[in-house]
Amino acid sequence: MRGLPSIVQKGALVGQPALRKIRVWDLPVRLFHWALPVLMTVLFLSAYAGQMQVHARMGTVTLVLVLFRLVWGFVGSQTARFSDFVTGIGGIHDYLSGKRPKTTGHNPLGAWMILAMLATLLIQSLSGLFSSDSIAFDGPLAHWIGHTAANLAARVHTNLAYAIDILIAVHVLAVVLHWALRGENLIMPMLSGNKHVPADVGQPAFSNPALALTILVLIALLIAAVALAE
Ligand code: HEM
Ligand code: HEM
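Procedures and definitions
- Residues numbered from 1 in each chain as written.
- Chains lettered and ligands numbered in written order.
- Predicted model: local features only at pLDDT ≥ 70, side-chain atom pairs only at ≥ 80, totals over all residues.
- Heavy atoms only, no water.
- Near = heavy atom within 4 Å.
- Polar contact = N/O pair within 3.5 Å; in protein donor to acceptor, adjacent residues only side chain to side chain.
- Helix = DSSP H or I, 4+ residues; strand = E, 2+ residues; numbered from the N terminus.
- Nonpolar A, V, L, I, M, F, W, Y, C, P; charged D, E, K, R; others polar.
- Donors = N, O, S within 2.8 Å, 3.2 Å for Na, K, Ca; no water.
- Tetrahedral: all angles 85-135°; square planar, octahedral: opposite > 155°, others 65-115°.
- Buried < 20%, exposed > 50% of the residue type's maximum accessible area, 1.4 Å probe, protein only.
- Axes fitted to C-alpha atoms, helices over the stretch in contact; angles between N-to-C directions.
- Parallel < 35°, antiparallel > 145°, perpendicular 65-115°, else oblique.
- Left-handed = near helix turned anticlockwise from the far one by under 90°.
- Contact = heavy atoms within 4.5 Å.

*Asks:* How should the site of ligand 2 be read in this particular structure?
*Replies:* As a matter of local geometry, ligand 2 sits amid 23 residues, with H55, G128, D133, H157 and T158 nearest to it. Within the contact set of ligand 2, a nitrogen atom lies 2.7 Å away from a side-chain nitrogen or oxygen of H157. Every element with two or more residues in the shell around ligand 2 is listed here: α1 (27-48), α2 (52-75), α5 (108-130) and α7 (147-182). Ranked by residue count, the leading element in the shell around ligand 2 is α2, at six residues. Partitioning the shell around ligand 2 into residue classes produces twelve nonpolar, ten polar and one charged.

Here it is as structure tokens:
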């Protein structure tokens, strides 16, 4: 490449920085993510079809996964950590004014959407455990709090389901708009784990997937013990 500017490299256009492929998303984050559309579909269909046993089981699986993701947000791979991608207003402002985000993972704007989705899914699955439909089905912990409170939990649960619909719609629209307006496909990296980034961007650090599995199993055992306790 002697004599040519360094920007004229494979995969790069003149005037644009060279790109290289790095790993950004670990397997636990990707499996967690793609389980969500499947679970949401089953949860909504089962609730409206009155298949409450299926609904409660899949809702409990969602709770376990969300709790896992929250823990992984503190001890997991670099791009999974909240400290890596959650910024204040300043970070969002910099991002919107075109500055390159410090992280190769979620952008500062998407970060708040992700926190909102995780928080809503957590409250939704917890409220489900305490909900009673007043007819034929009680969540496994509804008897802990009594009839009136269980009906209140069901009201929270029913209304929050609409909020989840809206959040999912905004989320998918944001991903599509990001692709259309900024020309960056975020879906492929969430599938493959890899992203093309400017050559000067470093490879993020990854945690051991065995740690993820251990955390997941411990949370599943804990929730099973609580949900099955009489
Ligand atoms: C088929 C529809 C969906 C598509 C195409 C999609 C796409 C994506 C993409 C591309 C990302 C990564 C964004 C980035 O690079 O910063 C992402 C992240 C995320 N999405 Fe989705 N998504 C879908 C459905 C859902 C659903 C149904 C939920 C939850 C109810 C959801 C919750 C999340 C969460 C929590 C993250 C953050 C992942 C993490 O860090 O663990 N997504 N989604
Ligand atoms: C994020 C996870 C969950 C989602 C998205 C979800 C969604 C829904 C939806 C859409 C409904 C129907 C509301 C309506 O009739 O308008 C519903 C009802 C219900 N869900 Fe869930 N659910 C989740 C987790 C759970 C869990 C973990 C349990 C219990 C273990 C549960 C128990 C119930 C009960 C008892 C009802 C009936 C409430 C009523 O009729 O008032 N759900 N859920």
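The discussion continues.
*Asks:* Please clarify how the coordination of the iron atom of ligand 1 should be interpreted in this entry.
*Replies:* Geometrically, a metal with four donors at the corners of a regular tetrahedron has ideal angles of 109.5 degrees, and one with six donors at the corners of a regular octahedron has ideal angles of 90 or 180 degrees. Protein-derived coordination of the iron atom of ligand 1 comes from H33 (NE2) and H171 (NE2), at a distance range of 1.9 to 2.0 Å. Because the angles between the six donor atoms bound to the iron atom of ligand 1 fall within 86 to 179°, the donor set is best described as octahedral. In this pair, H33 sits in helix α1 while H171 sits in helix α7, placing the two residues 138 residues apart along the sequence. On the basis of relative accessibility, which here comes to 23%, the residue H171 falls in the partly exposed class.

*Asks:* For this particular structure, what's the right way to read the site of ligand 1?
*Replies:* Inspection of the region around ligand 1 gives 20 residues, with H33, R69, H106, H171 and L186 positioned closest. At a separation of 2.6 Å, an oxygen atom of ligand 1 approaches a polar side-chain atom of H106. Within the contact set of ligand 1, a nitrogen atom lies 2.8 Å away from a side-chain nitrogen or oxygen of H171. The element contributing the most residues to the shell around ligand 1 is α1, with seven residues. Residue composition of the shell around ligand 1, grouped by class: 16 nonpolar, three polar and one charged.

*Asks:* How should I be thinking about the packing of α1 against α7 in this particular structure?
*Replies:* When two helices pack together, you describe them by how their axes are tilted relative to each other and by the distance separating the axes. Contact geometry of α1 with α7 gives a least axis separation of 13 Å together with a crossing angle of 140°. Between α1 and α7, the crossing angle belongs to the class labelled oblique. Every pair of crossing elements has a handedness; the one defined by α1 and α7 is left-handed. Residues H33, M40 and F44 of α1 lie in contact with α7, whose contacting residues are A161, I164, D165, I168 and H171. Considered class by class, the residues forming the contact of α1 with α7 number five nonpolar, two polar and one charged.

*Asks:* Sorry, what's going on with the side chain of S77 here?
*Replies:* Position of S77 relative to the elements: it lies in the loop between α2 and α3 (82-85). Excluding residues that lie within four positions of it along the chain, S77 makes contacts with D26, W72, A205, F206 and S207.

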